[in-house]
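Below, each chain spelled out in residue letters.
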Amino acid sequence: MQIELTVNDKVVQWEVGNHEFLADTLRSHGYLSVKKACDTSCCGLCTVWIDGKSMLSCSILSLRAHGKKVTTIEGLPKEAEEFAQILSAEGAEQCGFCSPGFIMSVLAMKNELVNPTEEEIIHYLTGNLCRCTGYMGQLRAIKTYLGVA
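Parameters at a glance
- Residues numbered from 1 in each chain as written.
- Predicted model: local features only at pLDDT ≥ 70, side-chain atom pairs only at ≥ 80, totals over all residues.
- Heavy atoms only, no water.
- Helix = DSSP H or I, 4+ residues; strand = E, 2+ residues; numbered from the N terminus.
- Buried < 20%, exposed > 50% of the residue type's maximum accessible area, 1.4 Å probe, protein only.
- Contact = heavy atoms within 4.5 Å.
- Polar contact = N/O pair within 3.5 Å; in protein donor to acceptor, adjacent residues only side chain to side chain.
- Domains from an automatic or database assignment.
- Buried area = accessible area lost by both parts, 1.4 Å probe.
- Pairing = 2+ DSSP bridges.

Caption draft 1: Highlighting the environment of Gln13. On the secondary structure map, Gln13 appears in strand β2 (residues 10-15). You can call Gln13 partly exposed: its relative accessible area is 48%. Expressed as a C-alpha distance, the spacing of Gln13 and His123, which sit 110 residues apart in the sequence, is 36 Å. With near-sequence residues (within four places) excluded, Gln13 lies in contact with Gln2, Ile3 and Glu4. Polar side-chain contacts of Gln13 include one of 2.6 Å to the side chain of Glu4.

Caption draft 2: Fine view of the side chain of Lys143. Mapping Lys143 onto the fold places it in helix α5 (residues 136-146). Accessibility expressed as a relative area gives 18% for Lys143, which makes it buried. Within the structure, Lys143 has its side chain in polar contact with the side chain of Glu118 (distance 2.4 Å).

Caption draft 3: Layout of unusual backbone geometry. Positive phi values are uncommon outside glycine, yet Asn8 reaches one of about 50°. Checked against the element boundaries, Asn8 lands in the loop between β1 (2-7) and β2. The residue Asp9 is not glycine, and still its phi comes out positive at about 70°. Relative to the elements of secondary structure, Asp9 occurs in the loop between β1 and β2. Given a relative accessible area of 62%, Asp9 falls into the exposed group.

Caption draft 4: Local environment of the domain arrangement of the protein. With domains assigned, the protein is organised as domain 1 (2-74) and domain 2 (76-146). Each of domain 1 and domain 2 has a C-alpha centre, and these two points are 21 Å apart. Counting from both sides, the interface comprises 16 residues of domain 1 and, opposite them, 19 residues of domain 2. When the two sides are added together, the surface that domain 1 and domain 2 hide from each other amounts to roughly 1400 Å², 64% of it contributed by carbon and sulfur.

Caption draft 5: Spatial organisation of the pairing of β1. Because side chains alternate across β1, one face comprises the buried residues Ile3, Leu5 and Val7, and the other comprises Gln2, Glu4 and Thr6, none of which is buried. Taken together, the six bridges between β1 and β2 define a ladder with antiparallel strand orientation. Across the sheet, the residue bridging to Thr6 is Val11, located in β2. Between the antiparallel neighbours β1 and β2 lie two residues, among them Asn8 with a positive phi of about 50°. Where β1 lies against strand β5 (residues 69-71), two bridges are found, and the strand directions are parallel. Residue pairing across strands places Thr6 opposite Lys69, the latter belonging to β5.

This is the structure:
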């Protein structure tokens, strides 16, 4: 079945299978920042924005993206670079495998929450797994980026 959607401000038409997930469709079209690692919708590596809302693309059928605006980290280079620099400066960047999904979640949080508490930050990022860090460096980087104490 053919779908039409906007990916990173570019209108595209793609042929997709009835049971194909958006993460797979995006990867097959070169959006390699979108990853799948858990197959249970709980690691956050597949995070994209759909119509401005943070979503797990591994659990959304591609057909559901028809007519929607999808944003990957490739569509937010300036914002992603800004946070990535802070992440690195705080010593929280490790292997980088989880970074695209994690960064997409942090950028979404910045758009959705005003002056979040530490508890709200932790709650918001509960579904983002990183096997390399202890999360404290990431939390410091997020607080710096958001300008919260």
